[in-house]
Amino acid sequence: MKEAIMTVRSHNPASAGLPDSGPLRQEVIQQMMMARTRIYQLFQQTPLEELESPLPVRVFLKREDLSPIHSYKWRGAYNAMAQLPEEAKVRGVVAASAGNHAQGVAASARRLGIIARVYMPGCAPMTKRRAVEALGGDLVEIRIVGDTYDDAASASKKDAAESGRLLVHPYDDVRVVGGQGTLADEIVTQSPGVRYDVAFLQIGGGGMAAASALWLKTVYPDIRIVGVECEGQASMGAALEAGEPVSLSTVDSFCDGTCVKRAGDIGFTLLNELLDEHLVVTREDVCHAIGYLWETKRLLPEPAGALGFAGLLRRAETEKGNKALAVITGANLDLSNLALIANQASGAGSAESQPDTEAAKGDASSQSDGEDWSAAAAC
Ligand SMILES: Cc1ncc(COP(=O)(O)O)c(C=O)c1O
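All values derive from a computational prediction rather than experimental measurement. (Residues numbered from 1 in each chain as written. Predicted model: local features only at pLDDT ≥ 70, side-chain atom pairs only at ≥ 80, totals over all residues.)

**What about the pairing of strand S11 (residues 323-328)?**
Buried residues dominate S11, accounting for five of its six residues. Pairing analysis gives six bridges linking strand S3 (residues 58-63) to S11, with the strands arranged parallel. Its bridge partner lying in S11, Leu61 is registered against Ala326. In the sheet, strand S8 (residues 198-202) pairs with S11 via three bridges, with the strands oriented parallel. Residue pairing across strands places Phe200 opposite Ala326, the latter belonging to S11. (Buried ≥ 20, exposed ≤ 12 C-beta atoms within 10 Å, placed from the backbone. Helix = DSSP H or I, 4+ residues; strand = E, 2+ residues; numbered from the N terminus. Pairing = 2+ DSSP bridges.)

**Overview of the site of the ligand**
The ligand sits among 21 residues. The nearest are Gly204, Gly207, Gly257, Thr329 and Gly330. Elements supplying a minimum of two residues to the shell around the ligand: helix H4 (100-112), helix H9 (207-219) and helix H13 (303-314). With three residues, the top contributor of residues to the shell around the ligand is H9. Here the residues of the shell around the ligand are counted per class, giving six nonpolar, 14 polar and one charged. (Near = placed C-beta within 6 Å. Nonpolar A, V, L, I, M, F, W, Y, C, P; charged D, E, K, R; others polar.)

**As for helix H5 (residues 126-136)**
Considered for burial, the residues of H5 that qualify are Lys128, Ala131, Val132, Leu135 and Gly136. One side of H5 carries all its buried residues, which in axial view fall inside an arc of 110°. (Arc of directions from axis to C-beta.)

**A look at unusual backbone geometry**
Positive phi, close to 60°, is recorded for His70, a residue that is not glycine. Structurally, the position occupied by His70 is in the loop between S3 and helix H2 (74-82). Of note in the backbone geometry, Arg298 takes a positive phi value of approximately 55° without being a glycine. Relative to the helices and strands, Arg298 is located in the loop between helix H12 (283-297) and H13.

**Concerning the environment of His288**
Summarising the element assignment, His288 is placed in helix H12. In this structure His288 comes out as buried when scored by C-beta crowding, with 28 C-beta atoms within 10 Å. Taking C-alpha positions, His288 is 7.4 Å from Ala310, a pair spaced 22 residues apart along the chain.

**Some remarks on the packing of helix H1 (residues 21-36) against H9**
Running from amino to carboxyl end, H1 crosses H9 at an angle of 90°, the nearest separation of the two axes being 10 Å. Taken together, the axes of H1 and H9 lie roughly perpendicular to each other. Along its contact with H1, which presents Arg25, Val28, Ile29 and Met32, the element H9 presents Ala211, Leu214 and Trp215. The class makeup of the residues in the contact of H1 with H9 is six nonpolar, no polar and one charged. (Axes fitted to C-alpha atoms, helices over the stretch in contact; angles between N-to-C directions. Parallel < 35°, antiparallel > 145°, perpendicular 65-115°, else oblique. Contact = placed C-beta atoms within 7 Å.)

**Let's talk about the pairing of S8**
Within S8, five of the five residues are buried, which leaves the element mostly enclosed by the surrounding structure. As paired strands, S8 and strand S9 (residues 224-230) are joined by five bridges and run parallel to one another. Along S9, the bridge assignment pairs Val198 with Arg224. With H9 bridging S8 and its parallel neighbour S9, the resulting β-α-β unit is right-handed. (Right-handed = clockwise from strand over helix to strand, strands pointing away.)

**Thoughts on the confidence of the model for the protein chain**
Any residue range with low pLDDT should be treated as having predicted coordinates unsuitable for detailed reading. Looking at the protein chain as a whole, its pLDDT mean stands at 89, while 87% of the residues score no less than 70. Here residues 349-355 is modelled with pLDDT under 50, and outside its nearest four sequence neighbours on either side it reaches 16 contacts, counting other chains as well. Residue range residues 357-379 is modelled with pLDDT below 50. Its contacts to residues more than four positions away, or to other chains, number 39 contacts. (pLDDT = per-residue confidence, 0-100.)

**Structural notes on H1**
Given a rise of 1.5 Å per residue, 16 residues ought to cover 22 Å, and the 23 Å separating the end C-alpha atoms of H1 matches this to within 8%. Within the sequence span of H1, burial applies to Val28, Gln31, Met32 and Ala35. Take H1 and look down its axis: the buried residues cluster within an arc of 100°, on one side only. The exposed set on the far side of H1, more than 90 degrees from its buried face, consists of Gly22, Pro23, Gln26 and Gln30. Buried residues along H1 sit in contact with H2, helix H7 (174-180), helix H8 (182-190) and H9. (Expected span 1.5 Å × (residues − 1).)

**Topic: the environment of Tyr78**
Residue placement: Tyr78 occurs in helix H2. Under the C-beta neighbour-count criterion, Tyr78 is labelled buried, with 29 such atoms within 10 Å. When the C-alpha positions of Tyr78 and Val176 are compared, they lie 8.0 Å apart, and in sequence the two are 98 residues distant. Among all residues touching Tyr78, those that are not within four sequence positions of it are Arg38, Ile39, Leu42, Gly104, Ser108 and Gly179.

**Here's the deal with the nonpolar core**
Residues Ala106, Val118, Phe200, Ala213, Val286, Phe309 and Ala326 are the most contacted members of the largest nonpolar core, which totals 108 residues. Top element by residues in this core is H9. It accounts for eight residues. Built from parts of two domains, this core gets at least three residues from each of domain 1 (5-71 + 176-376) and domain 2 (74-172). Those residues in contact with Val118 that lie beyond four places of it in its chain are Ala95, Ser97, Ala102, Val105, Ala106, Val132, Val140 and Ile142. (Core = buried A, V, L, I, M, F, W, Y, C linked by C-beta atoms within 7 Å. Domains from an automatic or database assignment.)

**Some details on the sheet that holds strand S4 (residues 93-96)**
Strand pairing in a sheet relies on backbone hydrogen bonds. The paired strands run either parallel or antiparallel. One open sheet holds the four strands; their spatial order is S6-S5-S4-S7, and the pairing between them is parallel. The sheet is open, and its two borders are formed by strand S6 (140-144) and strand S7 (166-167), each paired with just one other strand. Of the strands in this sheet, strand S5 (116-120) and S6 touch H5, which is tilted by about 160° from S6.

**Some words on the environment of Arg195**
Along the chain, Arg195 turns up in the loop between H8 and S8. Along the sequence, Arg195 and Tyr220 sit 25 residues apart, while their C-alpha atoms lie 6.8 Å from each other.

And the structure:
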């Protein structure tokens, strides 16, 4: 198994043009508090479960895969769309997404009676495209543009400028970020008396991790927050090193939900201060995490949905005896990718036998070749 790569977090000051973190923190928390009063009009809370496993660490999983859209993305989309001014609701909204945010927008559009135009890259998983169609019905128009999330994002910005419709951004909107934070709020209320030692949070644009880290650190001041990204798409890692969000020249899309070329401004500003550690895991780690969850719990997350847990598995030995949180953020997985994931998972060894120690370092050649992976990659 390939070694997990560690990046030391940078403490460079945020460069000009980024939001000021003090007021931003307050705004996110305020949005999160208000989101509590709105979002349950759409869907209900998701469960928090302790994983029964032979791991030396106690693992608590927030089951966002069990939401009606199989990811947490309804929280932010609904929180943002529900508070739009009436005239903006009438005009409609635009959004760009590799799939999960699009489902959140579609479900919210249906519930609020708002028309939405959603831009998705041509290679977004069919599971996600069909779900958007089914959720949005006549209210949602899907436009397929380009090959990556960034292509879809550019098209959605152009549309918003031309049509005057408001853009519901998947992570650079404080209403969306605050909405995502409700999952951390639920964790706190669902486990009274439990004091967590560490949380492993996956990062795409950084909205979910930023809001969750902010709230978890507010409630549990001693908790350590580990941000987790997958190799080939570590845009937050690059931002932390550069001291500001920078664009990766290429981005790997195996974890299609977190495949973002440039970290979000809000996510970066908050995570630059809130992350105790940033961890980059391999695709093999992610496949192994999916395999592990299937074996222990019959839970089948999508790659981005398993990313935080993949980081946790890497640290199972070093976190021995501790209480660790991971969020299963999504389960919108194309069936066609399962064979490759299963293949890689079975070849990856077990977390107990391959922890993040010297003994675990080594055989990079066991990684599947690029061609196989690009076939499995969703966009
Ligand atoms: C399944 C899943 N996990 C994690 C993320 C990352 O979220 P964020 O962009 O808020 O970092 C996404 C984003 O779409 C996702 O779909």
